[in-house]
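Each chain, letter by letter, is given below.
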Amino acid sequence: MMRFETLAVHAGAEPDPETGAVTPPLHLSTTFEHAPDGSLPHGLLYQRYDNPTQQRFEQALTALEGGARTLLFATGMAAGTTVLQALPAGAHVVMPDDVYHGYRALLQHYGQRWGLHFAFVDLADPDATRAALRPDTRLIWAESPSNPLLKISDIAALAALAHGAGAQLLVDSTFATPCLQQPLALGADIVLHSATKYIGGHSDVMGGALVFRADAALAAECWNLRKLAGASASPLAAWLCLRGLRSLPARMAWHGRNAGAVAAALAAHPQVERVHYPGLATHPQHALAARQMRAFGGMVSFEVRGGRESALAVASRLRLFINATSLGGCESLVEHRASVEGAQPTSPPGLLRLSVGLEHADDLVADLQRALAG
Ligand code: PLP
């Protein structure tokens, strides 16, 4: 049995049998030749259905998550939308109250039109979650750690709750990646990733993935929907995502080390009201995070004393942390989340979210301390 880091380097990245190329080939062909009898010698028909570069990525992520099947999509939003649209008409979905704001907006605008019923619930509260379940609940959607409050959901407990109610559990594991957390082993049915983030790892590719514990009806439905609705990734995106996956364990170790140093420095700073990082002993779910995750990742949020104006001023004084959205790249980013969450922001007004990059931790801490000093 290969260890995780070894698997990450080799899964889906076997040398090309045609040419011996060590780096996986990038196949841009949109179409694949039929045999004289009309059959498909390689099982491939058309790029929108499947393509060999994407299949390599899917095989690799399936191995890393310990799943049965993976589907790659154009974006994380496309992956999530596909699951929601693949549910039976009239299905009820339980969503976290602090779900990534794109999915909240999607359901609020289109959920009803698609015949879905949904409730936003604090998944850290087992009683509230149980109370939200209905006979027609088909999916509990968790996001752990959550964006941007770094809340932790008890994946094993939610899986038991979902299965007891005849529903499935999806975990958006974008912040954790397969390196830090294995939701399928904890009982989840589907893992969702925005591959745009840590998996791609260089802020230069968009992708989304669904990993299924069983290659069963919902996976088949999502494959069919990807094919017909056309939410497929391009081969170049698949190739870049596969490239990112191979160095993911090394990058996540460094991101986590830096984030730990940044979180500790912020927690000790008088201008900082609160730090949200599951690796801090003061995080309300630190024990759960330590049980469920191998390490705590590269995302840190903190609340600046003085609210919105102070937070915006601190963000503007940072030099190394670039003020931009997204996360998971080599460079450190800072963002005032309430400013980008639309008309009804759910993030506290003084909250800044950091994607802690791969620079030296001392430089990042010094940048933050200078910006906080005013
Ligand atoms: N899930 C989480 C936790 C995210 O942070 C994001 C994007 O920021 C998404 C999903 C959506 O992914 P994408 O931007 O690739 O569509």
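Please refer to the structure higher up on the page.
Residues numbered from 1 in each chain as written. Predicted model: local features only at pLDDT ≥ 70, side-chain atom pairs only at ≥ 80, totals over all residues. Heavy atoms only, no water.

A. Here's a closer look at the overall build of the protein chain. Scanning the protein chain from N- to C-terminus turns up 13 helices and 12 strands. Whereas a compact globule of 374 residues would reach a radius of gyration of roughly 21 Å, the protein chain reaches 21 Å, a difference of no more than 12%. Along the first, second and third principal axes, the C-alpha set of the protein chain runs to 75 × 50 × 40 Å. Taking all 374 residues of the protein chain together, the buried fraction comes to 53%. Carbon and sulfur atoms provide 56% of the accessible area of the protein chain, an area that totals close to 15500 Å². One way to put it: in the protein chain the 28 positive side-chain charges average out to a point 3 Å from where the 32 negative ones average out. (Helix = DSSP H or I, 4+ residues; strand = E, 2+ residues; numbered from the N terminus. Rg over C-alpha atoms; globule rule 2.2 N^0.38 Å. Buried < 20%, exposed > 50% of the residue type's maximum accessible area, 1.4 Å probe, protein only. Areas by Shrake-Rupley, 256 points an atom, 1.4 Å probe, with all protein chains shown as cover. Lys, Arg positive; Asp, Glu negative; His and termini not counted. Charge placed at Lys NZ, Arg CZ, Asp CG, Glu CD.)

B. Looking closely at the site of the ligand. In the vicinity of the ligand, 13 residues are found, and the nearest of them are Met-77, Asn-147, Asp-172, Ser-194 and Thr-196. With respect to the ligand, the backbone of Gly-76 contributes an N or O atom lying 2.9 Å from an oxygen atom. A distance of 2.8 Å is found between an oxygen atom of the ligand and a backbone nitrogen or oxygen belonging to Met-77. Here the ligand occupies the second largest pocket. Its residues placed into classes, the shell around the ligand shows four nonpolar, seven polar and two charged. (Near = heavy atom within 4 Å. Polar contact = N/O pair within 3.5 Å; in protein donor to acceptor, adjacent residues only side chain to side chain. 1 Å grid on protein atoms, 1.4 Å probe; cavity = no way out; pocket = protein on both sides within 12 Å on 5 of 7 lines; lining within 4 Å. Sits in = over half its atoms within 2 Å of the grid points. Nonpolar A, V, L, I, M, F, W, Y, C, P; charged D, E, K, R; others polar.)

C. Examining the nonpolar core more closely. Phe-57, Leu-61, Ile-199, Leu-245 and Leu-248 are the most contacted members of the largest nonpolar core, which has 37 residues in total. The leading source of residues in this core is helix α9 (residues 235-267), at eight residues. Both domains that furnish three or more residues to this core are identified here as domain 1 (4-244) and domain 2 (248-373). Sequence-distant contacts of Leu-248, that is, excluding residues within four places in its chain, are made with Thr-177, Pro-178, Cys-179, Tyr-198 and Ile-199. If you look at the next biggest cluster of nonpolar residues, it comprises 28 residues, including Leu-71, Leu-107, Leu-116 and Phe-212. (Core = buried A, V, L, I, M, F, W, Y, C linked by side-chain atoms within 4.5 Å. Domains from an automatic or database assignment. Contact = heavy atoms within 4.5 Å.)

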